[in-house]
Amino acid sequence: MLFSYNWLKEFADPRMDVAELAERLTMTGFEVEGVEETEALSSKVVTAEILTVEPHPNADKLSLCRVATDKDEYTVVCGARNMKPGDKVALALAGARLPGGVKIKKSRIRGVQSEGMMCSEVELGIADTSEGIMILPDDTPLGEDVNTLLKLGDAVLDVAVLPNRPDCLSVRGLAREISAVTGAAFRDVEPALKETGAPVDELARIEVEAPQVCRRYAARVVEGLIVGPSPRWLSRRLEAMGVRSVNNVVDVTNYVLLELGQPLHAFDLDLVKDSTLVVRTAREGESIVTLDGVARALREGMLVIADASGPQAVAGVMGGRATEVTGSTTRVLIEAAWFDPRSVRRTSRELNLSTDSSYRFERGVDIEGVAQALDRAAALMADIAGGRVAAGRIDRRIGGFEPRRVRFRLERASRLLGLPLDADDVAAKLSSLGITLVDTGTPGVWTAEPPSYRCDITLEADLIEEVARLTGFDAVEATVPAAPIASTGGERTVHLKRHVKTLLVNSGFCEVMNYSFISQDAFAAACPAGKKGVVILNPISEDQVVMRTSLLASLMENLTLNLSRRNDEIKIFEFGPVFEDADDRVVEKWKVAGLMYGSRNPASWNNPAVPLDFYDVKGVVEKLMESLALDELMTVSASGSAGFFHPGRCAEVFLNGKFVGIFGEAHPEILKRYELRRAAYLFELDIESVARLYSPARSYRPIARFPGSSRDVAFIVDDSVPYGEIIDEINGLHIKLIEKIDLFDVYYGSEIPPGKRSLALRVVYRLADRTLTHAEVDEAHEKLTRRLVEKFGVELRV
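Below: a short report on this structure. Only a predicted model underlies this, so the values are computations on that prediction, with no experimental measurement involved.

**Considering the overall build of the protein chain**
Scanning the protein chain from N- to C-terminus turns up 21 helices and 43 strands. The long-range share in the protein chain, meaning contacts at least 24 apart out of those at least 6 apart in sequence, stands at 69%. Looking at the protein chain as shown, the accessible area adds up to about 40200 Å², and 50% of this sits on carbon and sulfur atoms.

Have a look at this one:
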């Protein structure tokens, strides 16, 4: 939020340059993100009145003016034509220096002495264009420094106000902090209100039908207004804070919003039916055209301000076009209220409409500040727009403010902060923030009562934080924490994740990270039919509405993004959580998934590119299990599922007979959905299931001292029999002599019957403690071949 330093100093003047103040605020939790300074004019630019305007005797396009300040009269030659006798102007006297380096001095212009210059907005540096010299209001005093009159020479601080400090979304609120931080005296605004109109109860009525979300609603009436441009000091102050000037009535509501933090709204009372406003919830089918000219349908339950004809404002968000203040307005009803933050936040979100008012109501405004802001606005309107303030104030209030009572212990604060604290110093710091301390009779223990505008203080820790802020975080010495470091029991999983990441990176994969929520379409594509997902109640966008139960859809989104950037050789993986709805309970699991797309190797002059295939992703999974020393526990079974994967081109992974993952080629419908020209290969493993069998410890076997004996066996088998089942069957014989089995040939040919294939295995037999005999090898090999014939009906080839 932007803050004018001049405006802040009206409440608390720290008497320091703006850079030092910015540093002090930043160190107490209010980060100043930038400072923009505007240069003040020379003190010799003052207000004056034009006494006469006559033609220049020697130039048709020039005028000869006689102007007067409070002390003297001057002759000025002027080329503008927009002035007349009686106008008040800004007069730059000899010796004045204007923006751009222009220095004013006495000079003769076409034979006539000119003793100064009447200035335009451009020449004063306060506007980019102008139509002549600047004409000031008729009631402008003579001889006043223009810097003071127009609030020139300022610095605007861009302060990042945290969401839990809505009290500082105003000049007064930040000035309170400046007072506490610097010790500067705080001066609150005192509305100079004069009630000269009729009793307010005779002019307007207020009814509150929704007290649960509107605990206070107050109003004042101002009559006899003349709506027009705002005084320059007011419009310039608003513009410095980033607010566009509209007219003198609307500008006052914005001014008080910025000054005191209380949102206000002005209704044209003559356009309010029966002069009665009702605070109620919207009804089915109601709508409103808001001040921005947009027709908005209202949901039943939204809080509105209505008259007999329907809603005239969306409470806490924006007023309606039907009762807005225009140039013909003469009577206004000014509204100030306290609305429930949750109600305003929900309405603002559903209407997709955020305003300065809703921003403050959503965070919480001071219920005790309603009357002061209302009186301040009424007084300013009467002064600026010439109105009469009706006698009295309508104030509908449900319950009073009950201050919270929070215990504060000096010893606990000292222990948490690691600082020796003085009781009197702490009491002074908390009191400077408006916090009332009540002595409990126990030394160093108080009952603290935060003021109504500090809705963020609810715990003792909040009070301790305030002491730390004002003491200075830099006063806390760095010490080694005394807390012991205890095992969490998750070392195995942590070690496993690190190991898997290292292996995949070394295999040419790049790690990606994605949000845990995806779109409904992506969820339906990646998850089995009928599987429930955890739906987000307040999604950020339509692409992030449900928690993912698989990492595969996220990887496909990463792939399409890379392809759109012409990066078409992709090997990526992700470690991340997935969420499942199990018996109305959300269960979080961690998985690892990878995706391969493109070629196995880059093309070169002697090595053409070879497309990836099923065995590439299979190899990654097998290599992964081998590096984890789980390959002997792993079995692979062909999967006929037609979900995310291509039926017949995917396989399920089991460890000790328990399903832990899947790998294979993406389904053609998935490729079509993501507009892919080539096949994509993916794998996904449940890392928690793998971790139960994984051990970081490693054992080794020495290189065999005794020779082995290898035997080959070739056979014809049905094409439908998976190779993995054949190996599992051999391993099930528990032949201790077998060291390893390699598949060295797969053959389809004219001599092989249709629907069959020829496989050739090389079996290595070896013992670690002695040399095998031919008889032992022959017996073991015969047992192996006999089992293949009995189990699979293979035809042995000679």
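Still to come is the rest of the account.
**Quick look at helix 20 (residues 723-731)**
Taken together, the buried positions of helix 20 are Ile726, Ile727, Glu729 and Ile730. Down the axis of helix 20, the smallest arc covering the buried residues is 160°, so these residues share one side. Buried residues in helix 20 make contact with strand 40 (709-718), strand 41 (738-747), strand 42 (756-765) and helix 21 (774-792).

**Some details on the packing of helix 8 (residues 341-351) against helix 9 (residues 356-363)**
Remark: helix 8 packs on helix 9, axes separated minimally by 7 Å, with the N-to-C direction vectors making an angle of 140°. One way to sum up the angle between helix 8 and helix 9 is to call them oblique. Once helix 8 is placed against helix 9, the crossing between them reads as left-handed. Of the residues in helix 9, those in contact with Pro341, Val344, Arg345 and Ser348 of helix 8 are Ser358, Phe361 and Glu362. Taken together, the residues that form the contact of helix 8 with helix 9 break down as three nonpolar, two polar and two charged.

**Some points on the pairing of strand 40**
As judged from the ten bridges shared by strand 40 and strand 42, these two strands associate in the antiparallel manner. Along strand 42, the bridge assignment pairs aspartate 718 with lysine 756.

**Observations regarding unusual backbone geometry**
Although it is not a glycine, arginine 566 adopts a positive phi angle of roughly 65°. Inspection of the secondary structure assignment puts arginine 566 in the loop between helix 16 (552-564) and strand 34 (570-582). On the basis of relative accessibility, which here comes to 79%, the residue arginine 566 falls in the exposed class.

**Examining the sheet that holds strand 29 (residues 445-449)**
In a beta sheet, neighbouring strands are held together by backbone hydrogen bonds and run either parallel or antiparallel to one another. Within the open sheet, the three strands sit side by side as 27-29-28. Their pairing is antiparallel. Bordering the open sheet on either side are strand 27 (406-409) and strand 28 (436-439), each of which pairs with just one other strand. This sheet shows a mean twist of 35° between the axes of neighbouring strands, independent of strand direction. Here four bridges tie strand 27 to strand 29, and the two strands are oriented antiparallel to one another. What sits directly across from phenylalanine 408, in strand 29, is tryptophan 446. Running over the sheet, helix 13 (residues 460-471) touches strand 27 and strand 29 and is turned about 50° from strand 27.

**What about the pattern of salt bridges?**
Counted according to the given criterion, the structure contains 47 salt bridges. For arginine 216, the salt bridge identified is with aspartate 395, shortest N-O distance 2.6 Å. With arginine 216 in strand 16 (residues 214-223) and aspartate 395 in strand 26 (residues 394-397), this pair connects stretches of sequence that are 179 residues apart. Of the residues examined, arginine 216 reaches a relative accessible area of 5% and is grouped as buried. Look at aspartate 395 and you get partly exposed, because its relative accessible area is 25%. Of the charged contacts, one joins aspartate 778 and arginine 711 as a salt bridge, the two residues approaching to 2.6 Å between their closest N and O atoms. Placement of the pair is aspartate 778 in helix 21 and arginine 711 in strand 40, with a sequence separation of 67 residues.

**A few points about the packing of aromatic side chains**
We describe a pair of aromatic rings using the distance from one ring centre to the other and the angle between the two ring planes. Applying the stated criterion across every chain yields a total of twelve aromatic pairs. With centroids separated by 4.5 Å and ring planes inclined at 25°, the aromatic side chains of tryptophan 7 and tyrosine 255 adopt a geometry described as stacked. Of the two residues, tryptophan 7 sits in helix 1 (residues 5-11) while tyrosine 255 sits in helix 7 (residues 248-260), which places them 248 residues apart along the sequence. There is no split in this pair, since tryptophan 7 and tyrosine 255 are both buried. A centroid spacing of 6.4 Å and a plane angle of 75° characterise the contact between phenylalanine 509 and phenylalanine 683, whose relative ring orientation is edge-to-face. Remark: phenylalanine 683 occurs in strand 39 (residues 680-686) and phenylalanine 509 occurs in the loop between helix 14 (491-506) and strand 30 (510-511); sequence separation between them is 174 residues.

**Brief notes about the nonpolar core**
Within the largest apolar cluster, 55 residues are counted, with the highest numbers of intra-cluster contacts made by Leu8, Leu157, Val249 and Val332. Looking at this core, the element that brings in the most residues is helix 10 (residues 370-385), giving nine residues. Other than its neighbours up to four places away in sequence, leucine 8 contacts Phe3, Leu157, Val171, Leu174, Ala175 and Ile178. In terms of nonpolar packing, the next biggest core, distinct from the first, is built from 40 residues, Leu203, Val213, Leu303 and Ile305 among them.

**Topic: a positive patch on the surface**
Residues Lys44, Arg97, Lys103 and Lys105 make up a contiguous surface patch of positive charge. Structurally, the position occupied by lysine 105 is in the loop between strand 8 (102-103) and strand 9 (107-109). The exposure class assigned to lysine 105 is exposed, which follows from its relative accessible area of 64%.

**Concerning the sheet that holds strand 43 (residues 795-797)**
An order of 41-42-40-43 is seen for the four strands of this open sheet, with the pairing classed as antiparallel. Single-partner strands in this sheet number two, and they are strand 41 and strand 43. Strand-to-strand twist of the sheet, defined as the mean angle between neighbouring strand axes without regard to direction, takes the value 30°. Across eight bridges, strand 41 lies against strand 42 in antiparallel orientation. Bridged to tyrosine 747 within strand 42 is serine 758. The sheet contacts of helix 20 involve strand 40, strand 41 and strand 42, and relative to strand 42 the element is tilted by about 35°.

The rules we used
Residues numbered from 1 in each chain as written. Predicted model: local features only at pLDDT ≥ 70, side-chain atom pairs only at ≥ 80, totals over all residues. Heavy atoms only, no water. Helix = DSSP H or I, 4+ residues; strand = E, 2+ residues; numbered from the N terminus. Contact = heavy atoms within 4.5 Å. Areas by Shrake-Rupley, 256 points an atom, 1.4 Å probe, with all protein chains shown as cover. Buried < 20%, exposed > 50% of the residue type's maximum accessible area, 1.4 Å probe, protein only. Arc of directions from axis to C-beta. Axes fitted to C-alpha atoms, helices over the stretch in contact; angles between N-to-C directions. Parallel < 35°, antiparallel > 145°, perpendicular 65-115°, else oblique. Left-handed = near helix turned anticlockwise from the far one by under 90°. Nonpolar A, V, L, I, M, F, W, Y, C, P; charged D, E, K, R; others polar. Pairing = 2+ DSSP bridges. Salt bridge = Lys/Arg side-chain N within 4 Å of Asp/Glu carboxyl O. Phe/Tyr/Trp six-rings, centres within 6.5 Å; stacked < 30°, edge-to-face > 60°. Core = buried A, V, L, I, M, F, W, Y, C linked by side-chain atoms within 4.5 Å. Patch = residues over 30% accessible without salt bridge, like charges linked within 9 Å, V, L, I, M, F, W, Y side chains within 5 Å. Lys, Arg positive; Asp, Glu negative; His and termini not counted. Charge placed at Lys NZ, Arg CZ, Asp CG, Glu CD.

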